[in-house]
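Overview (structure and organization)
If you want the building blocks of each chain, they are given just below.
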Amino acid sequence: MPTQILQIAFIQKYLCKMFTLQTWIVQALFIFLTTESIGELIVPCAHIHPESSVVQLGSNFTAVCVLKEKCMDDYHVTANDIFWKTGRVPVPYEQYSVINRTASSVTFPNITLINALLTCNIRMFGQINRSVYGIRIISGLPPEKPKNLSCIVNEGKKMMCQWDPGRETYLETNYTLKSEWATEKFDDCKAKRDTPTSCTVDYPPVYFVNIEVWVEAENALGKVTSDHINFDPVDKVKLNPPHILSVNSSKELSSILKLTWTDSRFKSFITLKYDIQYRTKDASTWNQVPPEDTSSTRSSFTVQDLKPFTEYVFRIRCMKEDGKGYWSDWSEEASGITYEDRPSKAPNFWYKIEPSHAHGTRSIQLKWKTLPPFEANGKILDYEVTLTKWKSHSQNYTVKDTKLTVNLTNDRYVATLTARNLVGKSDASVLTIPAWDFQATHPITDLKAFPKDNVLWVEWTAPNESVNRYILEWCVLSDKSPCIPDWQQEDGTVHRTYLRGNLVESKCYLITVTPVYDDGPGSPKHIKAYLKQAAVNVDSSHTEYTLSSLTSDTLYMVRMAAYTDEGGKDGPEFTFTTPKFAQGEIEAIVVPVCLAFLLTTLLGVLFCFNKRDLIKKHIWPNVPDPSKSHIAQWSPHTPPRHFNSKDQMYPDGNFTDVSVVEIEANDKKPFPEDLKSLDLFKKEKVNTEGHSSGIGGSSCMSSSRPSISSSDENESAQNTSSTVQYSTVVHSGYRHQVPSVQVFSRSESTQPLLDSEERPEDLQLVDNVDGSDGILPRQRYFKQNCSQHETSPDISHFERSQQVSSVNEEDFVRLKQQQISDHISQPYGSGKMKMFQEVPAVDAFGPGIEGQVERFETVGMEDAVDEGMPKSYLPQTVRRGGYMPQ
Amino acid sequence: EDPQADSSASPLPHLEAKIQQTHSLARLLTKYAEQLLQEYVQHQGDPFGLPGFSPPRLPVADLSDPAPGHAGLPVPERLRLDAAALAALPPLLDVVRRLQGELNPRALRLLRRLEDAARQVRALGAAVEAVLAALGAESRGPRPEPAAAAVAASTASAGVFPAKVLGFRVCGLYLEWVSRTEADLGQLAPGGPA
């Protein structure tokens, strides 16, 4: 049985909102629970009265459970064994009453809001509890009489009525709108659950037939009907809004706009009244056309007393003329512009005398203000200016701008100004321009200027004379910019006004007020004022204060004022100009810049120090020291003075590259092969002149122009001295002279030759050198260059050369005597090119190239030995590269 | 929108207002009757839509054309005749709606207009009788039961065209009688010639 009770509780959750269904289901459940055997007729073990379980809030509710005899016999129970539960909570025994042996009642006084399951239970032998019947108790209230029933008929739609349902009933309550004519009833309109306070009928409204409408509200506790209302649906109509067709202006009258619209089709059956509102385009509030002027059906209305040339926006709504029904929604807004009217006021007019160099004339700039729209009354097309000199013809000007500069004589003039629009001209502004010697008098007095309400007010006392008007001019006082005055005009009756310009705070304005009389301007008065000054309150104990946040290079005026409780008094004003740079500002700029410069310099020096070798090679490469050359050591004729200095230049003994070149002596006959090679070189020289690289270049393909030995002697010397191809070895004769075969030790260096460089006569020692037979060594040399840009001096190489070469002092002396300066740099490019053509396989700049070079060198040397001819000089032992002094 | 109207109508409008209201209703129904006749013709096909089509004005049970001398009668008498004709129209309009329901079941607007017309003409008839009562001129007592059922049965058995002609005739009579009623009430309405 506990399981069964659980089932009840579980089901209870689903039955909460469906009272009728719940009751039925609960009863069926108990019938099922109390069935004694499956397949038997379903007979509940007990019954509860009443079966209806909706209870009014606040009332007493009594339920009686009556046991069946059969159950009493089967379970051996009586009414004394009955106990009650609401949900799972047992009802206190005090609320029980045993009526007889079979019946027990329970009473709930003043029942509150409840929605619970009330079960009748029995306690059987063995304290076993069993539910035998149950009902659901729901409390609530009967519906109140609906109030405020009203209906509305939106034109073209069906009638909708709404009402006030009154208090909450806590029960499902149905509201039904009923309606009938005198002749027939209409279908009921049942309010939907989500909108229980209104209902829209299904039938179309029939106007001019009274209909009676009322509402019935009904729930489990009762039914109530609202008051009946009887009305003609036409009195509840809300018409569709009118549609504004046009808003038209009138050329004859600039203050009117005619509004036309279309109405509801209903207007042929009922009389309408209208509500017309309008406003200017930029306004937010609406003006109302007097209702009495629109109290009858019409399709147009002319709105009056409008401003000329102003855009107005209109809207309109309508309803039945008798006021029964509802105002329609507002129509869509429509706008129109009133027609132009002549300008209603003369423009403000003033002048300025500009400096003029012509004698006897003045340059006058006439200026005026544009009229505001409400005074222009249209689009101003142009201005007409008339200048009249005493007893003279008038000069007329038509100007579109707001200023006019004219050259006038020193006489007195009268200027008039009118503004013109499409309709007409404004009244004329008259301005007297006095003669140049006119003495202005009658100034205003007591001129004051003060800020108030974020504007700068100016106040003065009028002179005794009659003033036509006042001109107020103002400009910013500044050392940096000139005073460019703005101005405004005030009537002669005004003594107090504010400056209508874009004034800024913390600027000193120079304000000038000039009265204008019939005969011209009076004497002006000036005053300085601020729209807002920076003011600080300082405690009375202080006698100094530091102004902060000032602008640099600006003129400031400071005024102290002391205050007591009774008031204050201003002290004298003094001015100062802030410096261009703040204290320490220059130092703050200069010191970091200097530090940055020093740091950059230091870093540069460190960098150069670290990369000194590289820099040295590129900027100041090793220069061969002739004094350390083997030839120098070997040759007793070599003046040692040329080399002393070089000993110290290369203490580390570095030089970039060294190779051995065989050069035949001039006086020796070349072998046929050598001659061929020589010819080839010559040809190559012709072909490649200007393209070959100096031997001392770091690149084997260098095309440095000066590296080519020129046929011109001077040029060669110059080239040598400038970029100096020290490795440029003359291997062919100058201008088809056959050079002698010699062997040179050479350097890759492009460093100037120092002494020898400076003494071309010394260079002549090696001029007469012919390298026609030195092809192979040259090839080796070039390969070496290509593969080893920074080859260390290969002493052994020279030593080998020395071993395989024969020394011929006579040849050497002859060599010295030959004039071969032209050959110093001559055929190297040719040789180089030849080498590339002849030994392409050796061109590989890869590993092992050194070995190859060595092999080639060996071969070359072997060739020389094999020939058995002293074709070259003895190996020139050059430790630091470069030519031997020749 | 703020409601501008009172929430309840006066229980018994006085005579002038009643005449005015009934007159407005007659004017409105005249407009509706014109629309109904136009709609009816549109759904009947040729020759009903052809210009100059004028079927014979067959007699319709319980309802006759307004008599030529109708305008010469006193207003209350005319209103009595109007009320009698208006009372006879609803069952005839119902018959026409049933016939059109069979002939033009998809002409929903026409069917709805016929249904509304029957209801509206009942309302107008009741309003006229109320005016008559207010005027102190009683109507002519209980009217005989309308023979609309017999009319429908005989017409349906006669064929489609007679059914269409019957509808055309009833719609025409409806327009004539509400128009006549409007004119008669106009004699009583404020500003009218009466």
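Residues numbered from 1 in each chain as written. Chains lettered and ligands numbered in written order. Predicted model: local features only at pLDDT ≥ 70, side-chain atom pairs only at ≥ 80, totals over all residues. Heavy atoms only, no water.

Comments concerning the overall build of chain A
When you go through chain A residue by residue, the secondary structure sums to 17 helices and 44 strands. The buried share among the 886 residues of chain A stands at 46%. Taking the contacts inside chain A whose residues are at least 6 apart along the sequence as the reference set, 69% of them involve residues at least 24 apart. Surface summary for chain A: the accessible area is close to 45800 Å², and the carbon and sulfur share equals 53%. (Helix = DSSP H or I, 4+ residues; strand = E, 2+ residues; numbered from the N terminus. Buried < 20%, exposed > 50% of the residue type's maximum accessible area, 1.4 Å probe, protein only. Contact = heavy atoms within 4.5 Å. Areas by Shrake-Rupley, 256 points an atom, 1.4 Å probe, with all protein chains shown as cover.)

As for the overall build of chain B
Tallying secondary structure elements over chain B gives five helices and zero strands in all. Counting from the amino terminus, chain B carries its helices and strands in the arrangement α-α-α-α-α. Expressed as a percentage of the 194 residues in chain B, the buried residues total 45%. Taken as a whole, chain B presents about 9300 Å² of accessible surface, with 55% of it coming from carbon and sulfur.

Quick notes on the UniProt feature "transmembrane region" (unreviewed entry) in chain A
Under the UniProt annotation, the feature "transmembrane region" (unreviewed entry) is placed at residues 589–609 of chain A. In the segment residues 589–609 of chain A, helix accounts for 100% and strand for 0%; the C-alpha atoms at its two ends are 31 Å apart. (UniProt positions renumbered as here; feature names shortened; annotations may be inferred.)

Some thoughts on the side chain of B:T30
Residue and element names in this part refer to chain B. Structurally, T30 can be placed in helix α1 (residues 15–42). By relative accessible area, which is 7% here, T30 ends up buried. Polar contacts involving the side chain of T30 include one to the main-chain carbonyl oxygen of V178, which spans 3.5 Å. Within the structure, T30 has its side chain in polar contact with the side chain of E182 (distance 3.1 Å). Discounting chain neighbours no more than four positions away, the residues touching T30 are L175, V178, S179 and E182. (Polar contact = N/O pair within 3.5 Å; in protein donor to acceptor, adjacent residues only side chain to side chain.)

A few points about the packing of helix α3 (residues 108–135) of chain B against helix α5 (residues 160–188) of chain B
All names here are of chain B. Where α3 meets α5, the axes come as close as 12 Å, and the angle between the chain directions of the two elements is 30°. Comparing their axes, α5 and α3 come out roughly parallel. As for how α3 packs across α5, the hand of that crossing is left-handed. In this structure, α3 contributes L114, A117, Q120, V121, L124, V128, V131 and L135 to the contact, and α5 contributes C171, Y174, V178, T181, L185 and L188. The residue inventory of the contact of α3 with α5, partitioned by class, reads 12 nonpolar, two polar and no charged. (Axes fitted to C-alpha atoms, helices over the stretch in contact; angles between N-to-C directions. Parallel < 35°, antiparallel > 145°, perpendicular 65-115°, else oblique. Left-handed = near helix turned anticlockwise from the far one by under 90°. Nonpolar A, V, L, I, M, F, W, Y, C, P; charged D, E, K, R; others polar.)

Some remarks on the state of the cysteines
In a disulfide, the sulfur atoms of two cysteines are held together by a covalent bond. Residues and elements named next belong to chain A. Scanning all chains against the criterion turns up five disulfides over all chains. Shown here is the disulfide that connects C151 with C161, its sulfur atoms set 1.9 Å apart. Since a negative S-S torsion denotes a left-handed disulfide, the C151-C161 link at about 105° is right-handed. With C151 in strand β10 (residues 147–154) and C161 in strand β11 (residues 159–164), the pair connects residues that are 10 residues apart, well separated along the chain. (Disulfide = S-S within 2.5 Å.)

Considerations on the interface of chain B and chain A
The partner chain A presents 30 residues to the 21 residues of chain B that form the contact. Overall, the association of chain B and chain A removes approximately 2200 Å² of surface from exposure, summing both partners, and the carbon and sulfur fraction of that is 58%. At the boundary of chain B and chain A, one finds two salt bridges. Between the two partners, chain B and chain A, sit seven residue pairs in polar contact (both at pLDDT 80 or more). Every element with two or more residues in the side of chain B that touches chain A is listed here: α1 and α3 of chain B. Of the residues assigned to the side of chain B that touches chain A, the class counts are seven nonpolar, six polar and eight charged. (Buried area = accessible area lost by both parts, 1.4 Å probe. Salt bridge = Lys/Arg side-chain N within 4 Å of Asp/Glu carboxyl O.)

Some thoughts on the sheet that holds strand β23 (residues 300–303) of chain A
Residues and elements named next belong to chain A. What the three strands build is an open sheet, ordered β19-β20-β23; its pairing is antiparallel. Here the strands that pair on one side only, and so sit at the sheet edges, are β19 (243–249) and β23. Along the sheet, successive strands turn relative to each other by an average axial angle of 20°, direction set aside. Where β19 lies against strand β20 (residues 257–262), six bridges are found, and the strand directions are antiparallel. Note that in β20 the partner of S246 across the bridge is T260. (Pairing = 2+ DSSP bridges.)

Notes on the sheet that holds strand β2 (residues 54–56) of chain A
Strand pairs in the sheet, formed through backbone hydrogen bonds, run parallel or antiparallel to each other. Residues and elements named next belong to chain A. As summarised here, the arrangement of the five strands in space is β2-β9-β8-β4-β5, forming an open sheet in which the pairing is mixed. Two strands in the sheet have a free side with no partner beyond their single neighbour: β2 and β5 (89–90). Looking at chain direction, strand β4 (residues 82–86) and β5 are connected through two bridges and run antiparallel. Paired with K85 across the strands is P90, a residue of β5.

Description of the nonpolar core
Ranked by internal contacts, the top residues of the largest apolar core, which has 99 residues, are A:M159, A:L177, A:V213, A:F314, B:L89, B:L93 and B:Y174. Once residues within four sequence positions are removed from consideration, B:L93 is found in contact with B:L36, B:L114, B:A117, B:A118, B:V121, B:V170 and B:Y174. Listed in part, the 29 residues of the second largest apolar core include A:C65, A:Y75, A:I82 and A:V91. (Core = buried A, V, L, I, M, F, W, Y, C linked by side-chain atoms within 4.5 Å.)

Points about the packing of aromatic side chains
Residue and element names in this part refer to chain A. One pass over the full model with this rule turns up 18 aromatic pairs over all chains. Between the aromatic rings of F266 and F269, the centroid separation amounts to 6.2 Å while the plane-to-plane angle is 55°, which identifies the pairing as tilted. Of the two residues examined, F266 and F269, each falls in the buried class. Judged by centre distance (6.1 Å) and plane angle (70°), the ring pair of F349 and W368 falls under edge-to-face. Of this pair, F349 sits in strand β26 (residues 349–354) while W368 sits in strand β27 (residues 361–368), placing them 19 residues apart in sequence. Taken together through their ring pairs, the aromatic side chains of W181, F186 and Y203 make up a single cluster. Cation over ring: R123 sits above F83, and NZ or CZ is 4.5 Å from the ring centre. Between the NZ or CZ atom of R315 and the centre of the ring of W286, over which it lies, the distance is 4.2 Å. (Phe/Tyr/Trp six-rings, centres within 6.5 Å; stacked < 30°, edge-to-face > 60°. Lys NZ or Arg CZ within 6 Å of the ring centre and 35° of its normal.)

Some words on the side chain of A:S429
Residue and element names in this part refer to chain A. Within the secondary structure, S429 sits in strand β32 (residues 429–433). Reaching out from S429, the side chain makes a polar contact with the backbone oxygen of P347 at a distance of 2.4 Å. Aside from chain neighbours lying at most four places away, what touches S429 is A346, P347, F349, A415, T416 and L417.

Digging into the pairing of strand β28 (residues 382–389) of chain A
All names here are of chain A. Where β28 and strand β31 (residues 413–420) come together, eight bridges link them in antiparallel fashion. Within β31, the position partnered with L387 by the bridge is A415. Examined bridge by bridge, β28 and strand β29 (residues 394–399) share six bridges and lie antiparallel to one another. The residue of β29 that forms the bridge with V385 is Y397. Where β28 folds back on β29, the antiparallel hairpin that results is connected by four residues, among which K391 adopts a positive phi of roughly 55°.

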